[in-house]
Amino acid sequence: MKSLMKRILFGDRNQHGGTQKEIRVNIYEEAKQCLLCQDAPCTKACRRGDPARAIRAIRFDNHKPALRWVKDCSDADLLRAERACIHYNGPIRIKEMLRSIHPDDVDDSHYPSLDITFCGIHCENPFFLASSAVCTNYEMVARAFEAGWAGVFYKTICMQEIKEVSPRFDAMHNSATHGDFYGFRNMEQLSENPVEMDFDILRRLKQNYPTKVVVASIMGQTEEEWMKLAKMAEEAGCDAVELNFSCPQMKHKGMGSDVGQSPELVKTFTACVKQSVKIPVIPKMTPNITHITEPAEACVQAGADAISAINTIKSVTMSVSSEVTGQRTISGYSGRAVKPIALRHILELAQMSNIRCQTSNIELSGIGGIETWRDALEFIQLGCANVQVCTAVMQYGYRIIDDLILGMQRYLTKRGMTSMQSLVGELLLKFMNPDHLDRETIIYPRFDKALCVGCGRCEVSCSDGGHQAIVFDHDTRQPRLVGTKCVGCHLCRLVCPAGAIGMTKRVNKKK
């Protein structure tokens, strides 16, 4: 955390005639306040750089490369940008934030390609749009392709008439904040376009963007519908077809997650589609099930080429503003809050593939809470050769692809790697059952007095939710660890708002 903090002195004369006040700038906290404006006023006011792009790089976990967009800026440029900031609660401290970043220690002159193979299909990078509201017509997907997305899982096509409700979205915010939500609930179903229109869109996309990957997501109600839709996808030139066994809010019976919870049904429908087309077939799993591996393994037995997971999680939110004519329903939850759940399902699928499907080289496409390149990396390291993004695009737009690509390229360069494929599944061996974990050693927390602000949050949490191993000196406003009581749980480190608690070396527990 130290590298992200900078102490800055500001003149601050208070009512008692005080002199100067020392404050710290955490660049990620500051960047998070940015509104990520369209046609950003701060950049328009800056004569020799693009501070808005630099701040966006910080916001999406690329703080060191951010300097490339302000390398020619003077302090006066950045101050002009700061004065132009339209943040509702006061301007972002642009100059202090950007001046506190150290130059990048990674050479960007030879960034590697991010191309990767998925189901035998060459992909420019592993980043795809997930089947959802972010890809419902030709113009949207074309703009995404132009921005740099490698492919699309187009919004699910079905034979049934689809009518949506209003409003159809709700979000979970921190307190009364707006705009930046951590959880997102939607009641949206499938494509509202006529079937022929959607397949014409997919045909034109593949013709006009031959290097991009176009996947048709389909959902049938009978074997005949599944086969017909799959054939139409193949005839339209699609690279693959995704079988949506997982939509949690279908009004039609026998569709979506109702099917995805039945290994027998997904096996039947996967098999009939495999017999109908030559392009790869990718069933999409529901997380609304106890063991995701059961329907997934049935799909593999039926010949599936890959598995995508997860779709949204069934959920309830209580906001009156999301009611539909005074009524409510269960619907799908997504956003960064679901990422740990999605990763758990991906891990189980990857382990299933390694243990029980050794003759079936099954591939994985990861979905769920991906917002930054580091989120995507976690899915890839658990076995995904492809990741799909939805909610983050709905929040921030297609432009996030810039930082997904930048961060992944820089990560590969920093590790001295040249191939995305080498990252796929590299951390799987680190996961084991709880009974195999080391229980004979401990890591104690380390308190950094220079960063500690004296809030006492660590003592409160340790006292009421831990092991009473921290003493807080009310005179010096400094915490002290009681080693004989500390069990190394690290609750204190996780609740510290200043990042002042780190980790020591692992040592043997005292007998």
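See the structure shown above.
Residues numbered from 1 in each chain as written. Predicted model: local features only at pLDDT ≥ 70, side-chain atom pairs only at ≥ 80, totals over all residues. Heavy atoms only, no water.

K.L.:
Would you mind going over a nonpolar patch on the surface with me for this structure?
P.N.:
Together, Leu35, Ile86 and Tyr88 make up an exposed nonpolar region whose accessible area comes to about 350 Å². Positionally, Tyr88 belongs in the loop between α4 (75–84) and α5 (94–99). (Patch = residues over 30% accessible without salt bridge, like charges linked within 9 Å, V, L, I, M, F, W, Y side chains within 5 Å. Areas by Shrake-Rupley, 256 points an atom, 1.4 Å probe, with all protein chains shown as cover. Salt bridge = Lys/Arg side-chain N within 4 Å of Asp/Glu carboxyl O. Helix = DSSP H or I, 4+ residues; strand = E, 2+ residues; numbered from the N terminus.)

K.L.:
Explain helix α8 (residues 223–235) here, please?
P.N.:
Since the α-helix turns once every 3.6 residues, residues separated by three or four places project in the same direction. Here α8 spans 18 Å end to end across 13 residues, near enough to the 18 Å set by a 1.5 Å rise per residue. Of the positions making up α8, those classed as buried are Glu225, Trp226, Leu229, Ala230, Met232 and Ala233. Buried residues of α8, viewed axially, fall in a sector of 160°; they line one side. Along α8, exposed side chains directed more than 90 degrees from the buried face belong to Glu224 and Glu235. Against the buried residues of α8 lie β6 (151–157), α7 (195–208), β9 (213–218), β10 (240–244) and α10 (263–276). Positive phi shows up at Gly237, right after α8, with a value of about 90°. (Expected span 1.5 Å × (residues − 1). Buried < 20%, exposed > 50% of the residue type's maximum accessible area, 1.4 Å probe, protein only. Arc of directions from axis to C-beta. Contact = heavy atoms within 4.5 Å.)

K.L.:
Help me understand the sheet that holds strand β13 (residues 313–315), please; the structure alone is not making it clear to me.
P.N.:
In spatial order, the strands read β7-β8-β14-β13; together these 4 strands make up an open sheet with antiparallel pairing. What marks the edges here is a single partner per strand, and that holds for β7 (169–172) and β13. Each strand of the sheet is rotated relative to its neighbour by a mean of 35°, with strand direction disregarded. Pairing of β7 with strand β8 (residues 183–186), which is carried by 4 bridges, proceeds in the antiparallel orientation. For Asp170, the partnering residue across the bridge sits in β8 and is Arg185. (Pairing = 2+ DSSP bridges. Axes fitted to C-alpha atoms, helices over the stretch in contact; angles between N-to-C directions.)

K.L.:
It is not clear to me how the packing of aromatic side chains should be interpreted in this structure. Could you clarify?
P.N.:
Two aromatic rings are characterised by how far apart their centres lie and by the angle between their planes. Across all of its chains, the model carries 8 aromatic pairs by this definition. Aromatic pair Phe60 and Tyr396: ring centres 5.1 Å apart, planes at 75°, arrangement edge-to-face. In this pair, Phe60 sits in the loop between α3 (51–59) and α4 while Tyr396 sits in helix α14 (residues 391–396), placing the two residues 336 residues apart along the sequence. Each member of the pair Phe60 and Tyr396 is classed as buried. Between the aromatic rings of Phe169 and Phe184, the centroid separation amounts to 5.0 Å while the plane-to-plane angle is 40°, which identifies the pairing as tilted. (Phe/Tyr/Trp six-rings, centres within 6.5 Å; stacked < 30°, edge-to-face > 60°.)

K.L.:
I keep staring at the side chain of Ser191 and nothing clicks. Help me out?
P.N.:
Relative to the assigned elements, Ser191 resides in the loop between β8 and α7. Of the residues examined, Ser191 reaches a relative accessible area of 7% and is grouped as buried. Only 3.2 Å separates the side chain of Ser191 from the backbone nitrogen of Asn193, close enough to count as a polar contact. (Polar contact = N/O pair within 3.5 Å; in protein donor to acceptor, adjacent residues only side chain to side chain.)

K.L.:
Got a minute to help me understand the nonpolar core in this structure?
P.N.:
Side chains of nonpolar character tend, in soluble globular proteins, to be buried together. Trp149 and Phe199 are the most contacted members of the largest nonpolar core, which totals 135 residues. Grouped together as the second largest cluster of nonpolar side chains are 12 residues, Leu451, Cys458, Cys486 and Cys492 included. (Core = buried A, V, L, I, M, F, W, Y, C linked by side-chain atoms within 4.5 Å.)

K.L.:
What should I look at first to understand helix α6 (residues 138–147) in this one?
P.N.:
Taken together, the buried positions of α6 are Tyr138, Met140, Val141, Ala142, Ala144 and Phe145. As for α6, its buried residues are in contact with β5 (127–129), β6, α7 and β9. Regarding α6, its N-cap is Asn137, as a side-chain oxygen of that residue lies 3.2 Å from the backbone nitrogen of Glu139 further along.

K.L.:
Just checking my understanding: could you explain the pattern of salt bridges for this structure?
P.N.:
Once the charged atoms of two side chains with opposite charge are near each other, the side chains can pair. What the rule picks out here adds up to 30 salt bridges. For the salt bridge of Lys71 with Asp72, the shortest nitrogen-to-oxygen distance reads 3.3 Å. Residue classification places Lys71 among the exposed positions, given a relative accessible area of 63%. Residue Asp72 is classed as partly exposed on the basis of its relative accessible area, which comes to 48%. Of the charged contacts in the structure, one is a salt bridge between Arg336 and Asp180, with a shortest N-O distance of 3.1 Å. Of the two residues, Arg336 is situated in the loop between β14 (331–334) and α12 (339–356) and Asp180 in the loop between β7 and β8; the sequence distance between them amounts to 156 residues.

K.L.:
What is the right way to read unusual backbone geometry from this model?
P.N.:
Following Ser166, the chain continues to Pro167 via a peptide bond in cis, the omega torsion being -10°. Within the secondary structure, Pro167 sits in the loop between β6 and β7. At the junction of Ala309 and Ile310, the peptide bond is cis and its omega measures out at 5° in the coordinates. Relative to the helices and strands, Ile310 is located in the loop between β12 (306–309) and β13. Phi at Asp61 is positive, roughly 70°, even though this residue is not glycine. In this structure, Asp61 sits in the loop between α3 and α4.

K.L.:
Explain the layout of surface pockets to me, please; I cannot follow it from the model alone.
P.N.:
In this structure, the second largest pocket encloses a volume near 450 Å³. Every residue lining the second largest pocket is counted, 18 residues in all, and those nearest its centre are Lys32, Gln33, Cys34, His178 and Asp180. Split by residue class, the lining of the second largest pocket holds 5 nonpolar, 8 polar and 5 charged. (1 Å grid on protein atoms, 1.4 Å probe; cavity = no way out; pocket = protein on both sides within 12 Å on 5 of 7 lines; lining within 4 Å. Points joined across faces, edges and corners; volume = space filled by probe spheres on them. Nonpolar A, V, L, I, M, F, W, Y, C, P; charged D, E, K, R; others polar.)

K.L.:
What is the right way to look at the packing of helix α13 (residues 373–381) against helix α15 (residues 401–414) in this model?
P.N.:
When two helices pack together, their arrangement is given by the angle between the helix axes and by the axis-to-axis distance. Two elements in contact, α13 and α15, have axes separated by 8 Å at closest approach and are oriented at 60°. By the angle between their axes, α13 is oblique relative to α15. At the point where α13 passes α15, the crossing takes the right-handed sense. Of the residues in α15, those in contact with Trp373, Ala376, Leu377, Ile380 and Gln381 of α13 are Asp403, Leu404, Gly407, Met408 and Tyr411. Of the residues contributing to the contact of α13 with α15, the split by class is 7 nonpolar, 2 polar and 1 charged. (Parallel < 35°, antiparallel > 145°, perpendicular 65-115°, else oblique. Left-handed = near helix turned anticlockwise from the far one by under 90°.)

K.L.:
Sorry, what's going on with the pairing of β14 here?
P.N.:
Note on strand geometry: in a regular strand, side chains alternate between the two faces of the sheet. Where β8 meets β14, 3 bridges bridge the pair, whose relative direction is antiparallel. Bridging across to β14, Phe184 finds its partner in Ser334. Alignment of β13 against β14, held across 3 bridges, turns out to be antiparallel. Residue Ser315 lies in a different strand from β14, and its bridge partner there is Ser331.

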